[in-house]
Amino acid sequence: VRRDQPDQSKSPFLLIDEGPLPGAGSDRPLTPAEAKCTENLRAAGKKAIEGGDIAQGVTHYLSAADTAHAIAGEIYLDLAGALDKAVYGQLAITAYRKAWTAIEAGYNRPGMKVDGSGVLALADIRDSLTRLGAALPQPTSEPGRIALTNSTRKLKERYFDSPLTR
């Protein structure tokens, strides 16, 4: 749970860049109260960004990421999407990169295995960064390497299509 609120006097770029990442203890499931708090913070962040209050929106999302380290990558991806939709391209790029870093941090913990949802999330980030004209991050995990070296179509076929669904 957040002990200190993000400093809103900082630029949104710095707020995102300095935001929390998954680490030790991130595997702990959220309590129902934490899950509800995270959901409410994300909704408030999205609403603030849609209303043009970028700093407040980013602060809400970062508070959600700090409450729920295990899903920080998902939260940053949600933040990036909200910024992208609101046409804040440079901030969206920063948030997409943070989402990439957070997702890979989760896969770099001992015992984590490659799964289709993580690889596809990284591929979606790759596609968004490419669309926005940004440089792609260097992968630090096996899912990151897989996402950068395969098309989204191939990844969907590999991880989600089976002979029974064709």
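Conventions we followed
Residues numbered from 1 in each chain as written. Predicted model: local features only at pLDDT ≥ 70, side-chain atom pairs only at ≥ 80, totals over all residues. Heavy atoms only, no water. Helix = DSSP H or I, 4+ residues; strand = E, 2+ residues; numbered from the N terminus. Buried < 20%, exposed > 50% of the residue type's maximum accessible area, 1.4 Å probe, protein only. pLDDT = per-residue confidence, 0-100. Salt bridge = Lys/Arg side-chain N within 4 Å of Asp/Glu carboxyl O. Axes fitted to C-alpha atoms, helices over the stretch in contact; angles between N-to-C directions. Parallel < 35°, antiparallel > 145°, perpendicular 65-115°, else oblique. Contact = heavy atoms within 4.5 Å. Nonpolar A, V, L, I, M, F, W, Y, C, P; charged D, E, K, R; others polar. Core = buried A, V, L, I, M, F, W, Y, C linked by side-chain atoms within 4.5 Å. Left-handed = near helix turned anticlockwise from the far one by under 90°.

## Considerations on the environment of Lys47
Logical step 1: Within the secondary structure, Lys47 is located in helix 2 (residues 32-50).
Logical step 2: Exposure remark for Lys47: the relative accessible area of 64% places this residue in the exposed category.
Logical step 3: Each C-alpha atom of the pair Lys47 and His60 lies 10.0 Å from the other, and the pair is 13 residues apart in sequence.

## Remarks on the confidence of the model for the protein
Logical step 1: Per-residue pLDDT for the protein averages 87, and the proportion of residues at 70 or more is 89%.
Logical step 2: The weakest mean pLDDT in the protein belongs to helix 1 (residues 12-17) at 83; the strongest belongs to helix 2 at 96.

## Considerations on the pattern of salt bridges
Oppositely charged side chains can pair when the atoms bearing their charge come close.
Logical step 1: The full count for this structure, using the stated rule, is 7 salt bridges.
Logical step 2: The shortest N-O distance in the salt bridge between Arg42 and Glu74 comes to 3.2 Å. One end of the pair, Arg42, is in helix 2; the other, Glu74, is in helix 4 (residues 72-85), and 32 residues separate them in sequence.
Logical step 3: Here Arg42 falls in the buried class, since its relative accessible area comes to 16%.
Logical step 4: Note that Arg42 and Asp78 form a salt bridge whose closest N and O atoms lie 3.2 Å from each other.

## Quick look at the packing of helix 5 (residues 89-107) against helix 7 (residues 142-149)
Logical step 1: Between helix 5 and helix 7, whose axes approach to 8 Å, the crossing angle comes to 130°. Regarding the angle of helix 5 to helix 7, the classification is oblique. In contact with Trp100, Glu104 and Tyr107 of helix 5, helix 7 contributes Pro143, Gly144, Ala147 and Leu148.
Logical step 2: A per-class count over the contact of helix 5 with helix 7 returns 5 nonpolar, 1 polar and 1 charged.

## Topic: the nonpolar core
Logical step 1: Judged by nonpolar contacts, the single largest core of 39 residues is most densely connected at Ile16, Ile49, Val58, Tyr76, Leu79, Leu83 and Ile125.
Logical step 2: Among the elements of the structure, helix 1, helix 2, helix 3 (54-67), helix 4, helix 5, helix 6 (116-131) and helix 7 are those that each provide at least two residues to this core.
Logical step 3: Top contributing element to this core by residue count: helix 5, with 10 residues.
Logical step 4: Not counting the four nearest positions on each side in its chain, Ile49 is found in contact with Ile54, Gly57, Tyr61, Leu79, Ala82, Leu83 and Ala86.

## Thoughts on the packing of helix 2 against helix 4
Logical step 1: Running from N to C, helix 2 and helix 4 point in directions that differ by 15°, and their axes come no closer than 9 Å. By the angle between their axes, helix 2 is roughly parallel relative to helix 4. For helix 2 against helix 4, the interelement crossing comes out right-handed. Facing Thr38, Arg42, Ile49 and Glu50 of helix 2, the residues of helix 4 in contact are Glu74, Ile75, Asp78, Leu79, Ala82, Leu83 and Lys85.
Logical step 2: Looking at the contact of helix 2 with helix 4 residue by residue, the class counts come to 5 nonpolar, 1 polar and 5 charged.

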